[in-house]
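Given next are the chains, with one letter for each unit.
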Amino acid sequence: RREHFGVGGMAVAQLKAAMKQAKFQVDDGGLMESQEFKESIHEPPEYTKLKSLEQMNFVRLSVGDLGFPSGATTKEIFDRAITLGLEYCPPEVGPYYRLHYTNQPMNEYVYISMELIAGRDGYPHVFRVYRGHVGAWLDRRWAELDSWWDAGDQFLFRLRPAKPDPPLAETF
């Protein structure tokens, strides 16, 4: 499943306020307060200016779609995606995807492929977007490199932006 939506332009407090206004529940375990997350939403080198809104293309694939019918580890999943030409999502995709994906089916979980970020508990996590009997959520899942994922688990990956064609060489 391909997805296209905008990412960027909001600070952490604005993202949380937008999710609250949309009645989404948030339990991110401190991921949005991490240094890695804060740096990802700001422009380098000073990390004081917010990144502008950028339209991005994504694809959602199950672990089975990636060629692991019996499941796989985080490392195996991410390595396979990279060999297929996919990219990790910037960490801020988690909250923006929650805001974008308003018609999520009941009991569906989507994990954001991203550089792992330590939560308040000190363990690495990825964002998880899901909808259950108590509402629609943005939270996190523990994701060490050897963590196991089932074949039906779904991940959102970023499609590599198309590179412009190089200029044609003039021939004489």
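Residues numbered from 1 in each chain as written. Predicted model: local features only at pLDDT ≥ 70, side-chain atom pairs only at ≥ 80, totals over all residues. Heavy atoms only, no water.

Draft legend 1. Local environment of unusual backbone geometry. In the Ramachandran plot, K23 falls in the positive-phi region, its phi being about 65 degrees despite a non-glycine side chain. Positionally, K23 belongs in the loop between α1 (12-21) and β2 (25-27). Phi angles above zero are rare outside glycine, and N107 is one such case at about 65 degrees. Structurally, the position occupied by N107 is in the loop between α4 (93-100) and β6 (108-112). (Helix = DSSP H or I, 4+ residues; strand = E, 2+ residues; numbered from the N terminus.)

Draft legend 2. Focus on the packing of α1 against α4. α4 packs onto α1 with a crossing angle of 25 degrees between their chain directions and a minimal axis gap of 10 Å. With respect to their mutual orientation, α1 and α4 come out roughly parallel. Two packed elements cross with a definite hand, and for α1 against α4 that hand is left-handed. Counted together, L15, A18 and M19 of α1 and P95, Y96, R98 and L99 of α4 form the full contact between these two elements. Within the contact of α1 with α4, the residues separate by chemical class into six nonpolar, no polar and one charged. (Axes fitted to C-alpha atoms, helices over the stretch in contact; angles between N-to-C directions. Parallel < 35°, antiparallel > 145°, perpendicular 65-115°, else oblique. Left-handed = near helix turned anticlockwise from the far one by under 90°. Contact = heavy atoms within 4.5 Å. Nonpolar A, V, L, I, M, F, W, Y, C, P; charged D, E, K, R; others polar.)

Draft legend 3. Structural view of the packing of aromatic side chains. Evaluation of the coordinates by the stated rule reveals 14 aromatic pairs. Ring centres 4.7 Å apart and planes at 70 degrees place the aromatic pair W149 and F155 in the edge-to-face group. For the cation-ring pair, R141 lies above Y111, with the distance from its terminal atom to the ring centre recorded as 6.0 Å. Cation over ring: R141 sits above W149, and NZ or CZ is 3.7 Å from the ring centre. (Phe/Tyr/Trp six-rings, centres within 6.5 Å; stacked < 30°, edge-to-face > 60°. Lys NZ or Arg CZ within 6 Å of the ring centre and 35° of its normal.)

Draft legend 4. The arrangement of the pairing of strand β11 (residues 154-159) in detail. Across the six residues that make up β11, a large majority, five, are buried. Alignment of strand β3 (residues 54-62) against β11, held across five bridges, turns out to be antiparallel. Residue R60 lies in a different strand from β11, and its bridge partner there is L156. Where strand β5 (residues 86-87) and β11 come together, two bridges link them in antiparallel fashion. When the sheet's bridge partners are listed, E87 is paired in β11 with R158. Inspection of the sheet shows β6 paired to β11 by three bridges, in the parallel sense. (Buried < 20%, exposed > 50% of the residue type's maximum accessible area, 1.4 Å probe, protein only. Pairing = 2+ DSSP bridges.)

Draft legend 5. Structural context of α1. Taken together, the buried positions of α1 are V12, L15 and M19. An end-on view of α1 places all buried positions within 65 degrees of arc, on one side of the element. Exposed and facing more than 90 degrees away from the buried side of α1 are A13, K20 and Q21. In this fold, the buried residues of α1 make contact with β2, α2 (35-40), α4 and β9 (135-142). Of the residues trailing α1, K23 is marked for its positive phi of about 65 degrees. (Arc of directions from axis to C-beta.)

Draft legend 6. Region of the structure containing α4. Counting buried residues along α4, six of its eight residues qualify, which places the element largely inside the surrounding structure. Buried residues of α4: V93, G94, P95, Y96, Y97 and R98, and no others.

Draft legend 7. How the structure looks around the pattern of salt bridges. Counted according to the given criterion, the structure contains nine salt bridges. Of the charged contacts in the structure, one is a salt bridge between R158 and E54, with a shortest N-O distance of 3.0 Å. A residue pair is termed long-range when its members are at least 10 positions apart, and R158 in strand β11 and E54 in strand β3 qualify at 104 residues. With a relative accessible area of 36%, E54 lands in the partly exposed category. A cluster of three or more residues bridged by salt bridges with shared partners is formed by R1, E3, R60 and E108. (Salt bridge = Lys/Arg side-chain N within 4 Å of Asp/Glu carboxyl O.)

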